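Listed below are the residues making up each chain.
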Amino acid sequence: MRLATDVYLPAGGRQDSRFPAIVVRTCYGKTRDTHRLTHWVYRGYALVIQDVRGRSDSDGELVPFYYERDDAYDLFDWIIEQPWSDGNIGMWGASYLGYTTTAAATSGHPNLKTAISEVNVGSPFFMDTVRRGGAVCSWPLLSWTLAQSVSNRVDHKVFRGVTVDPDKVVKTRPITEIPSKIIGKRSGPWDIWARHYQYDEFWEHCDNTSRGKNVRIPMLILSGWHDGDALGVQETWRFLTANDTPGRRIIIGPWPHDLNSFRDCGDFEYGDNAVDYDFDTRTIRWFDHYLKGAENGEDQKPRASFYLGGKGENKWYDADDWSPPEAKLTRLYFHSSGKANSMHGDGCLLTSPVDGHRFDSYVYDPQNAGRGEGKFEPSVLNEQHCRQDCLVYETAVLTEPVAVAGNLSTEFYAASSAVDTDFFVRVSDVDEHGIARQIAQNGIRAEFRNWPETPSAPLVPGKVEKYYICLHFAGHVFQPGHRIRVDVCSADYITFFPNTNTGVDPYTDPEPIVATQQIYHGKDYLSCVRIPILYGKV
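Residues numbered from 1 in each chain as written. Predicted model: local features only at pLDDT ≥ 70, side-chain atom pairs only at ≥ 80, totals over all residues. Heavy atoms only, no water.

Chemist: An account of the state of the cysteines is needed here, citing residue identities and associated values.
Modeler: Here, disulfide denotes a covalent bond that connects the sulfur atoms of two cysteines. Applying the stated criterion across every chain yields a total of 0 disulfides. There is no disulfide at Cys-386, and the cysteine sulfur nearest it, in Cys-390, is 9.3 Å away. Here Cys-386 falls in the partly exposed class, since its relative accessible area comes to 42%. (Disulfide = S-S within 2.5 Å. Buried < 20%, exposed > 50% of the residue type's maximum accessible area, 1.4 Å probe, protein only.)

Structure below.
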């Protein structure tokens, strides 16, 4: 297998000069970003950029995720044999390149000494990207996959939804025929994923968490509150923490997937401090320290730095870890009189659960599914919150600022009339005008509720089951006069293909059925959202 690789070396050195190498492995074409990357060459590094399998000038077939660990290992072996190599290798990548970087780190290659991973895509089953929470991702995944499948070069107009209509794409059936009907040809990645609905050897081979113990190098992790791959970043940080990886550091800003690009995101204004003027020089110092041994203090920096956004804040904080140890994990419990349907219902969030139990119910029809935004920025959710198939719970009006900093999660109890279904949970900030803006979200497919301990388990209709979902992290101040809102629903068709409620492989195009969902709460069923509060009281 021949993989196209460009090598850039510093000019003007002796013929026998040796350099540490910085490696980038890309699916977007190795010449695309050289103007952003060659500054490392001017700093005395060899820059090695490689097209991954099946992309641009490399041989083979693109099988996203599957070969990245092994191909990186082979590339490292080749580098250390070159006369210009001093044997020290670092790696950098963002988005899918962040996955190639993280996967390479899990290879445990002895010559890889450090890595910088920005907005990294996570493991494709359950964690991020392809099968988040076990559900089948739709437009955010299809936009990338179709763009990669037009040819061996990326079609960025497809990627951005310019030449194709996202709504039309995700409503096309059968699911397996979407590429043929939309771009006029089959997609290798799409066909491969369709053959692997259940978790199997294919997905296990792509998994980074199970190999996290192999990462024993310092890694710098960067992301943003509104990053579409924040859940992948959180996965990476979890296994680095679980294995006490030395030298790990995380920086999280108030940004979308394009890091350090804006001072504002959606309707949220983050102020002048939102632009990190040290962003690029930090990566240079990081590589200088870990690849050249420069004593520049990079190893003495705080483990975590995060931006706390909101009126009266909008500034950077340092912490000894992530989530910040000083943030108090607070449970806000679901409660209602059984009529929490829509934002006009009686759902509320309490700091203590009530005695006994109650439940709220809604009817989920896959052929009348709700539509989210397909993005992770602070989108306005009021339209979704007006639907009767959306349960809404919220706090009383806040009387003081409440700062949230850390990882959010939810634990709830639910029953369904179906043998399988989906549940999605979102946290939003409701302002004094009643406008709800998204802060965090995620979902789960019921049959994978106990994954990985139990790979797949159909529901018993009517039986109450416990669900746990890791939501997006956040660094946000809820202002006085605002409310914290949590909603629960079963569909977001622009982000996930609607569950047919049949328990049948969705790639076989089963006929959807309607399901009745029940969310239980009270002391007997402690359904809640867990929020790390830095200061303030709900």
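Chemist: Can you break down the environment of Ser-409 residue by residue, with the values?
Modeler: Position of Ser-409 relative to the elements: it lies in strand E18 (residues 402-416). Along the backbone, Ser-409 and Asn-273 are 136 residues apart, and their C-alpha atoms lie at a distance of 28 Å. Not counting the four nearest positions on each side in its chain, Ser-409 is found in contact with Tyr-468, Ile-469, Cys-470, Leu-471, Val-529 and Arg-530. (Helix = DSSP H or I, 4+ residues; strand = E, 2+ residues; numbered from the N terminus. Contact = heavy atoms within 4.5 Å.)

Chemist: Tell me what's going on with the packing of aromatic side chains, and back it up with residues and numbers.
Modeler: Tallied over the full model, the rule gives 39 aromatic pairs. An aromatic cluster of three or more residues is present, and its members are Tyr-66, Tyr-67, Phe-125, Phe-126, Tyr-197, Tyr-199, Phe-202, Trp-203, Phe-448 and Trp-451. For Arg-32, the ring lying beneath its charged end belongs to Tyr-28, and the centroid distance is 5.1 Å. The ring of Trp-237 carries Arg-248 above its face, with NZ or CZ at 5.9 Å from the centroid. (Phe/Tyr/Trp six-rings, centres within 6.5 Å; stacked < 30°, edge-to-face > 60°. Lys NZ or Arg CZ within 6 Å of the ring centre and 35° of its normal.)

Chemist: Please set out the layout of surface pockets residue by residue, giving values where relevant.
Modeler: Empty space left among the atoms is revealed by rolling a probe the size of a water molecule over them. By volume, the largest pocket amounts to about 1,500 Å³. Taken together, 48 residues form the lining of the largest pocket, with Ser-95, Phe-159, Asp-229, His-257 and Asp-258 sitting closest to its centre. Elements supplying a minimum of two residues to the lining of the largest pocket: helix H1 (34-37), helix H2 (39-42), strand E4 (85-94), helix H4 (96-105), helix H5 (139-149), helix H6 (156-159) and helix H12 (279-292). The leading source of residues in the lining of the largest pocket is H5, at 5 residues. Its residues placed into classes, the lining of the largest pocket shows 21 nonpolar, 14 polar and 13 charged. The calculated volume of the second largest pocket comes to roughly 700 Å³. Those elements giving two or more residues to the lining of the second largest pocket turn out to be helix H11 (230-242), E18, strand E20 (436-445), strand E21 (465-478) and strand E24 (528-535). (1 Å grid on protein atoms, 1.4 Å probe; cavity = no way out; pocket = protein on both sides within 12 Å on 5 of 7 lines; lining within 4 Å. Points joined across faces, edges and corners; volume = space filled by probe spheres on them. Nonpolar A, V, L, I, M, F, W, Y, C, P; charged D, E, K, R; others polar.)

Chemist: For the pattern of salt bridges, give the residues involved together with the corresponding values.
Modeler: Applying the stated criterion across every chain, the model contains 30 salt bridges. A salt bridge links Arg-25 to Glu-68; the shortest N-O distance between them is 2.8 Å. A residue pair is termed long-range when its members are at least 10 positions apart, and Arg-25 in strand E2 (residues 19-26) and Glu-68 in helix H3 (residues 68-80) qualify at 43 residues. Looking at Arg-25, the relative accessible area reads 0%, which means it is buried. In this structure Glu-68 comes out as buried when scored by relative accessible area, which is 3%. (Salt bridge = Lys/Arg side-chain N within 4 Å of Asp/Glu carboxyl O.)

Chemist: Residues and numbers for empty space enclosed by the protein, please.
Modeler: By the definition in use, this model includes 7 cavities of 30 Å³ or more. By volume, the largest cavity is sized at about 120 Å³. Around the largest cavity, the lining is made up of 17 residues, and of these Arg-426, Gln-438, Gln-441, Asp-492 and Thr-495 lie nearest the centre. Empty space within the second largest cavity amounts to approximately 90 Å³. Around the second largest cavity, the lining comprises 13 residues; the ones closest to its centre are Gly-370, Arg-387, Asp-389, Cys-489 and Ala-491. Split by residue class, the lining of the second largest cavity holds 4 nonpolar, 4 polar and 5 charged.

Chemist: Can you explain the pairing of strand E12 (residues 304-308)? Please cite residues and give values.
Modeler: The buried count for E12 comes to 5 of 5 residues, which makes it a mostly enclosed element. Side chains of E12 alternate between two faces, with Ala-304, Phe-306 and Leu-308 and Ser-305 and Tyr-307 buried alike. Across 3 bridges, strand E9 (residues 249-256) lies against E12 in parallel orientation. In the strand pairing of E12, Ile-250 is matched with Ala-304. Across 5 bridges, the pairing between E12 and strand E13 (residues 315-319) is antiparallel. By the bridge assignment for E13, Leu-308 is matched with Lys-315. (Pairing = 2+ DSSP bridges.)

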